Structures are given as C-alpha cells and as structure tokens.
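Chain by chain, the residues:
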Amino acid sequence: MSPTDLKVIERAQVLLGSASKWNRKETQRCAANAPTFGIFCALKKALEDVTGHFDNESAVLSDARSVVDFVASKEYKARLVNYNNDQATSYADVQEFFRILRNRVIRRLAA
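No experiment lies behind these values; they were computed from the predicted model shown. (Residues numbered from 1 in each chain as written. Predicted model: local features only at pLDDT ≥ 70, side-chain atom pairs only at ≥ 80, totals over all residues. Heavy atoms only, no water.)

> So, the overall build of the protein: which residues are in play, and what are the values?
Of regular secondary structure, the protein possesses five helices and zero strands. Counting from the amino terminus, helix and strand elements in the protein follow one another as α-α-α-α-α. Its C-alpha atoms give the protein a radius of gyration of 13 Å, near enough to 13 Å, the size a compact globule of 111 residues would have. Its C-alpha atoms give the protein principal-axis dimensions of about 35 × 30 × 25 Å. Looking at the protein residue by residue over its 111 residues, the buried ones come to 39%. Intrachain contacts of the protein at a sequence separation of at least 6 include 60% that bridge at least 24 residues. Counting every atom, the protein has about 6,100 Å² of accessible surface; 49% of that belongs to carbon and sulfur. Of the side-chain charges in the protein, 17 are positive and 13 negative, and the distance between the mean point of each set is 3 Å. (Helix = DSSP H or I, 4+ residues; strand = E, 2+ residues; numbered from the N terminus. Rg over C-alpha atoms; globule rule 2.2 N^0.38 Å. Buried < 20%, exposed > 50% of the residue type's maximum accessible area, 1.4 Å probe, protein only. Contact = heavy atoms within 4.5 Å. Areas by Shrake-Rupley, 256 points an atom, 1.4 Å probe, with all protein chains shown as cover. Lys, Arg positive; Asp, Glu negative; His and termini not counted. Charge placed at Lys NZ, Arg CZ, Asp CG, Glu CD.)

Now the structure itself:
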C-alpha cells in the first residue's frame, strides 16, 4: 500500500459522491466519459486519473475485493461488479464499502 492508493480511493469516493452518480447495473466495460459509476468503474477511473494507467492486479483493487468478502453476506464471482449490482446493496452500503476500504489503507500506511 502507498499514499497513491489512498488518493485512488478518495478519487473514487468523489466519483460516487451521491446516489445519482451511482450506476447499479455496472459491467466491467467502463465508458471513459460515463456520467455514473459502479464500484469497479469508479476505482478503474480513479486509478487512471491518479496513476495514469489501470492495473487490474493493483493493491487497491485487491484490497477492494477483500472488503467485498468482508461486508457481503454471500460470495460473488466478480466481486466488485456483482456486489455493486446486487439488489440487496444500497448506496449506503457503497459508501460504507469505501469507508472500510479507506480505513484499511490508512491503517496499513500508519503501520
């Protein structure tokens, strides 16, 4: 983990700053100029904005997938997209997901 990972998370939180910016039917095909984002596409766009490229194996995406495992009551094949699209997931859940992810990164950076 690095301070860059924290910047990526904070950028993704801005992209999903309101319920009207949340895309409940996300795919892994993220449009470059999309007006709404699901969890995966927000993180993908944030990675591109902050680092200049997308790495599907980045530390921040790995941690994000682990957070889904922690907060979800079931297993998902494509964790970020399927958790985002689950009818049981609310916008409050998405906000909580990012809060947990951000706190994990902050704790790791402090260690």
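> A description of the pattern of salt bridges should follow, citing residues and the corresponding values.
In total, this model carries eight salt bridges according to the counting rule given. Notably, a salt bridge pairs lysine 44 with glutamate 48, separated by 2.7 Å at the nearest N-O pair. You can see lysine 44 and its partner glutamate 48 sitting in helix 2 (residues 39-51), four residues apart, about one turn around the helix. Taking the relative accessible area as the measure of exposure, glutamate 48 reaches 31% and is therefore partly exposed. Residues joined in a network through salt bridges with shared partners are Arg11, Lys45 and Asp49. (Salt bridge = Lys/Arg side-chain N within 4 Å of Asp/Glu carboxyl O.)

> Can you lay out the state of the cysteines for me, pointing to particular residues and giving the numbers?
Scanning the entire structure with this criterion turns up one disulfide. What pairs with cysteine 30 in a disulfide is cysteine 41, and their sulfur atoms sit 2.0 Å apart. Residues cysteine 30 and cysteine 41 are joined by a disulfide whose S-S torsion is about -80°; by sign, that bridge is left-handed. With cysteine 30 in the loop between helix 1 (3-15) and helix 2 and cysteine 41 in helix 2, this pair connects stretches of sequence that are 11 residues apart. On the basis of relative accessibility, which here comes to 23%, the residue cysteine 30 falls in the partly exposed class. (Disulfide = S-S within 2.5 Å.)

> Can you explain the packing of helix 1 against helix 5 (residues 91-110)? Please cite residues and give values.
Running from N to C, helix 1 and helix 5 cross one another at 165°; their axes reach a closest spacing of 10 Å. On the basis of their axis angle, the class for helix 1 and helix 5 is roughly antiparallel. Considering only the axes of helix 1 and helix 5, their crossing is left-handed. Here Pro3, Asp5, Leu6, Ile9, Glu10, Ala12 and Gln13 of helix 1 lie close against helix 5, whose contacting residues are Phe98, Arg99, Leu101, Arg102, Val105, Ile106 and Leu109. Across the contact of helix 1 with helix 5, the residue classes tally to nine nonpolar, one polar and four charged. (Axes fitted to C-alpha atoms, helices over the stretch in contact; angles between N-to-C directions. Parallel < 35°, antiparallel > 145°, perpendicular 65-115°, else oblique. Left-handed = near helix turned anticlockwise from the far one by under 90°. Nonpolar A, V, L, I, M, F, W, Y, C, P; charged D, E, K, R; others polar.)

> Please provide a residue-by-residue account of helix 1, values included.
Taking 1.5 Å of rise per residue, 13 residues should cover 18 Å, and helix 1 covers 19 Å from first to last C-alpha, within 8% of that figure. Residues of helix 1 that are buried make contact with helix 2, helix 3 (59-71) and helix 5. (Expected span 1.5 Å × (residues − 1).)

> Would you mind going over the packing of aromatic side chains in detail, with residue names and values included?
Tallied over the entire structure, the rule returns five aromatic pairs. Judged by centre distance (6.4 Å) and plane angle (40°), the ring pair of tyrosine 83 and phenylalanine 97 falls under tilted. In this pair, tyrosine 83 sits in helix 4 (residues 79-85) while phenylalanine 97 sits in helix 5, placing the two residues 14 residues apart along the sequence. Residues tyrosine 83 and phenylalanine 97 agree in their burial class; the two are buried. Seen from their ring centres, phenylalanine 97 and phenylalanine 98 are 5.0 Å apart, and the 85° between their planes marks the pair as edge-to-face. With respect to class, phenylalanine 97 is no different from phenylalanine 98; both count as buried. (Phe/Tyr/Trp six-rings, centres within 6.5 Å; stacked < 30°, edge-to-face > 60°.)

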